[in-house]
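A closer look at the structure
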Amino acid sequence: MCKDDSKMISEGSSFIKGMLLGGIFCAAVTLFGNFNKGHQSTTDHHHHHIQAPSEEELLKLPEPKRLELSQHIRVYCIILVQPRELSYWAAVVDTWSKHCDKAEFYTSEDVKVFRAVSLDTKDQWLMLRNALKHAYANGKGYSWFFVALPSTFAIIENLKYFLLNKDPSQPFYIGHTVKSGELEYAELEGGVVLSFEALRRLVGVFSDDVKCPEQGRALWKLTEEKELAVCLKYTGVFAENAEDSEGKEVFNTKSVSTLIKEALAKKPQEVVNGCCSDVAITFHGQSPNYMQVLMYGVYRLRPYGHTFHDSLIFLPPVDSDND
Amino acid sequence: MVAEDLYKTVRVLCWVMTGPKTLETKAKHVNATWTKNCNKVLYMSSEEDKMLNVVGLDVKEGRDQLYWKTIKAFHYIYEHHFDEADWFLKADDDTFVILENLRLLLSQYIPDQPIYFGRRFKLFAKQGYMSGGAGYVLSKEALRRFIEGFKTKKCAHLSCVEDVELGKCMETMNVTAVDTRDRNKKELFHPLAPELHLVKSYLAKKSWYWSYNFYPTEDGPGCCSDLAISFHYIDSVHMYELEYLVYHLRAYGYKYRYNAE
């Protein structure tokens, strides 16, 4: 029945309602079954490079299913801010965070100008822990959790496109990965993505004072991104890097300008093609002003007459004028 | 594909104002980016350069030579390339132009009309004039009249301020300055870099920009059309950045708020 769905849906609208419901369930199972081969019921998996789904794989599904899938994937954005970064905070509020299904700002201390969850600590690791705990407690109905810093610019639609064929009830911990000795971790600057299951396991290990102490490792201090990786590793969750269908990184720890300058130096004949992904998810170190330029460049400015046959549809957010 | 059809039917010859000092630092990067979308491109300098398609005009270099360069460039084009295009774009070597959006605009007009397009400024000429840095476009008929103006001495080199003088000549020769704002009255040609237009209060209230602009305009997101045609004061790195933002980076599946139709 699952394989013949596409034929049945095209016949008669009376079928559609019933088929849609069953179809969505089937699509989810089929998708996850197809794309997670080898990871079905393991508690830890070691795939290190996840690829975004290709157009053909997505276009195999009938359109109603694809639309539903677009709307079902819900991202909870966790943005860690400090009062001294007020201009960045303001920029994030006014730009990309409007595209999150939920955007929560977590601050070391309250500021009058912006609404945020106050964590009452300046310790980076404690901030991250408490933010994630809070997000988990308030995150029912969200399948993915995305952690960002204030000078990171994120394109949530590209994140959703990338995550579409991944099952959030499986543990995923994705970002721009780096190896430090034996530990592979996702750099916070590039944005860190956790599936609901990964976050559930993480919150579980938070109560283990040996594996994941609140004050961090006693003998040597690790940065919070590394502490995160260590704690997750104890629960069988490993960091994974991310690339588009051409092998280009989608989580970037550098700004657009820096990446262009690097491409100009390394590949002067093919600067733009050699630089960055068309469906990049993050850039880091962007000024508040440049975030406005990115909103315009990503969501508005385009050459007339170039059409894309995208298999997903994302609608513009309400009450926003810069996208 | 729509863009391909417009390329064939709306032929644009682009000429880029450059010089020996900025050939490597600017013109080269212009050539590596947006000018490949022109039907034909020529670079105008005081010195010829065969590698980059640079025409050596009989001019000297310097700000006071800009209108001479413009006059001679258009004469050169009229003499050698008039039949190769329907529309003639002038840009600086720090202007970024999106040809597809220009063709969309031009497709609504006929090249035999005496018209010209750009970012309209007021002052100095009754019908205003088009900002040089933002790039301007002459119809075939407008170019014919420009040449005619110099032949009959109705137009002359009265000053070196290229855009103002060209505007005066256009007015003398009854070439109409077109209102090039989109359906929502947002500007298409921009005399500054994107950041200066898009960020509210970046430009001071006293800035020359507000008194020069022919039509009422704003800063912030309302500054610019989604289908903008040009930006100015774009250095080499920025050329590639804009190329990336316009032609590559996008939000997958996003349904745009503004559409041309």
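Residues numbered from 1 in each chain as written. Chains lettered and ligands numbered in written order. Predicted model: local features only at pLDDT ≥ 70, side-chain atom pairs only at ≥ 80, totals over all residues. Heavy atoms only, no water.

**What about the packing of aromatic side chains?**
Residues and elements named next belong to chain B. In this structure the tally under the stated criterion is 32 aromatic pairs over all chains. Ring geometry for Trp15 versus Phe74: centroids 5.5 Å apart, planes at 85°, classification edge-to-face. Taken together, the residues span a long stretch of sequence, with Trp15 in strand E1 (residues 12–17) and Phe74 in helix H3 (residues 66–80) at a distance of 59 residues. Accessibility expressed as a relative area gives 0% for Phe74, which makes it buried. (Phe/Tyr/Trp six-rings, centres within 6.5 Å; stacked < 30°, edge-to-face > 60°. Helix = DSSP H or I, 4+ residues; strand = E, 2+ residues; numbered from the N terminus. Buried < 20%, exposed > 50% of the residue type's maximum accessible area, 1.4 Å probe, protein only.)

**Digging into the interface of chain A and chain B**
If you look at the interface, chain A gives 50 residues, while chain B gives 44 residues. The junction of chain A with chain B conceals about 4500 Å² of combined surface from both sides, 63% of it contributed by carbon and sulfur atoms. For the interface between chain A and chain B, the tally reads four salt bridges. Where chain A packs against chain B, one counts 24 residue pairs in polar contact (both at pLDDT 80 or more). Those elements that place two or more of their residues in the side of chain A that touches chain B are helix H3 (55–59), helix H7 (156–163), helix H10 (256–266), helix H11 (271–275) and helix H12 (288–299) of chain A. The dominant element in the side of chain A that touches chain B, judged by the number of residues it contributes, is H12 of chain A, at nine residues. (Contact = heavy atoms within 4.5 Å. Buried area = accessible area lost by both parts, 1.4 Å probe. Salt bridge = Lys/Arg side-chain N within 4 Å of Asp/Glu carboxyl O. Polar contact = N/O pair within 3.5 Å; in protein donor to acceptor, adjacent residues only side chain to side chain.)

**Notes on the packing of helix H8 (residues 196–205) of chain A against helix H9 (residues 224–234) of chain A**
Residues and elements named next belong to chain A. At a minimum axis separation of 9 Å, H8 and H9 run at an interaxial angle of 95°. As far as their axial angle goes, H9 and H8 are roughly perpendicular. Along the contact surface, H8 presents Ala198, Leu202 and Val205, while H9 presents Leu228, Cys231, Leu232 and Tyr234. Its residues assigned to classes, the contact of H8 with H9 comprises seven nonpolar, no polar and no charged. (Axes fitted to C-alpha atoms, helices over the stretch in contact; angles between N-to-C directions. Parallel < 35°, antiparallel > 145°, perpendicular 65-115°, else oblique. Nonpolar A, V, L, I, M, F, W, Y, C, P; charged D, E, K, R; others polar.)

**Details of the sheet that holds strand E10 (residues 176–177) of chain B**
All names here are of chain B. Spatially, the seven strands line up as an open sheet ordered E3-E2-E1-E4-E9-E6-E10, and their pairing is mixed. Because the sheet does not close on itself, it has two edges, and the strands there are strand E3 (54–56) and E10. Of the strands in this sheet, E1, strand E4 (87–92), strand E6 (115–117) and strand E9 (136–139) are in contact with helix H4 (residues 99–106), which crosses E1 at around 125°. (Pairing = 2+ DSSP bridges.)

**A short note on the pattern of salt bridges**
As enumerated under the stated definition, the model contains 27 salt bridges over all chains in all. Across the salt bridge formed by Arg300 of chain A and Asp226 of chain B, the nearest N and O atoms sit 2.6 Å from each other. Pair noted here: Arg300 of chain A is in the segment after H12 and Asp226 of chain B is in the loop between helix H8 (208–212) and strand E11 (230–232), and the two residues belong to different chains. Considered together, Arg300 of chain A and Asp226 of chain B belong to a single accessibility category, that of buried residues. In this structure, Asp58 of chain B and Lys72 of chain B form a salt bridge, with 3.8 Å as the shortest nitrogen-oxygen distance.

**A look at unusual backbone geometry**
Look at Asp319 of chain A: it is not a glycine, yet its phi comes out positive at around 55°. By secondary structure assignment, the location of Asp319 of chain A is in the segment after H12. Asp319 of chain A sits in the exposed class, given a relative accessible area of 78%. Within the chain, Asn174 of chain B stands out as a residue other than glycine whose phi angle is a positive 60°. Looking at the secondary structure, you find Asn174 of chain B in the loop between helix H6 (162–172) and E10. On the accessibility criterion, Asn174 of chain B (58% relative accessible area) is exposed.

**So, the nonpolar core**
The biggest cluster of nonpolar side chains holds 103 residues, and the ones touching the most others in it are Trp96 and Phe146 of chain A together with Trp34, Leu102 and Tyr244 of chain B. Excluding anything up to four places from it in sequence, Tyr244 of chain B contacts Val256, Ile260, Val272, Cys276, Ser277, Ala280 and Phe283 of chain A together with Leu249 of chain B. If you look at the next biggest cluster of nonpolar residues, it comprises 39 residues, including Phe145, Leu149, Ala186 and Leu222 of chain A. (Core = buried A, V, L, I, M, F, W, Y, C linked by side-chain atoms within 4.5 Å.)

**What to know about the UniProt feature "domain: Fringe-like glycosyltransferase" (unreviewed entry) in chain B**
UniProt records the feature "domain: Fringe-like glycosyltransferase" (unreviewed entry) for residues 16–206 of chain B in the present numbering. Across residues 16–206 of chain B, the secondary structure splits into 32% helix and 17% strand, with the terminal C-alpha atoms separated by 31 Å. (UniProt positions renumbered as here; feature names shortened; annotations may be inferred.)

**Focus on the confidence of the model for chain B**
Atom-level detail of predicted coordinates should not be read off regions where pLDDT is low. Residues of chain B with pLDDT of at least 70 account for 100%, and the chain-wide mean is 96. With pTM at 0.89, the complex prediction returns an ipTM value of 0.96. (pLDDT = per-residue confidence, 0-100.)

**Let's talk about the state of the cysteines**
Inspection of the entire model under this criterion finds six disulfides over all chains. The disulfide bridge from Cys275 of chain A ends at Cys276 of chain A, spanning 1.9 Å between sulfur atoms. For Cys275 of chain A, a relative accessible area of 17% corresponds to the buried category. Residue Cys155 of chain B pairs covalently with Cys169 of chain B via a disulfide, S to S 2.0 Å. Linking Cys155 of chain B and Cys169 of chain B, the disulfide has an S-S dihedral of approximately 90° and is accordingly described as right-handed. One end of the pair, Cys155 of chain B, is in the loop between helix H5 (140–151) and H6; the other, Cys169 of chain B, is in helix H6, and 14 residues separate them in sequence. By the burial criterion, Cys155 of chain B is buried, and Cys169 of chain B matches it. (Disulfide = S-S within 2.5 Å.)

**Section: the layout of surface pockets**
The space that makes up the largest pocket amounts to roughly 920 Å³. Along the walls of the largest pocket sit 31 residues, with Arg63, Leu66, Asp92, Glu162 and His232 of chain B positioned nearest its centre. The leading source of residues in the lining of the largest pocket is H6 of chain B, at three residues. In terms of residue class, the lining of the largest pocket is made up of 13 nonpolar, eight polar and ten charged. Taken as a whole, the second largest pocket holds about 710 Å³ of empty space. Forming the boundary of the second largest pocket are 32 residues, of which His306, Thr307 and Phe308 of chain A together with Tyr256 and Asn259 of chain B lie nearest the centre. Put simply, the parts of the chain that give the lining of the second largest pocket at least two residues each are helix H4 (63–72) and H12 of chain A together with helix H9 (236–247) of chain B. Counting residues per element, the lining of the second largest pocket draws most heavily on H4 of chain A, which supplies three residues. Of the residues in the lining of the second largest pocket, the class split is 17 nonpolar, eight polar and seven charged. (1 Å grid on protein atoms, 1.4 Å probe; cavity = no way out; pocket = protein on both sides within 12 Å on 5 of 7 lines; lining within 4 Å. Points joined across faces, edges and corners; volume = space filled by probe spheres on them.)

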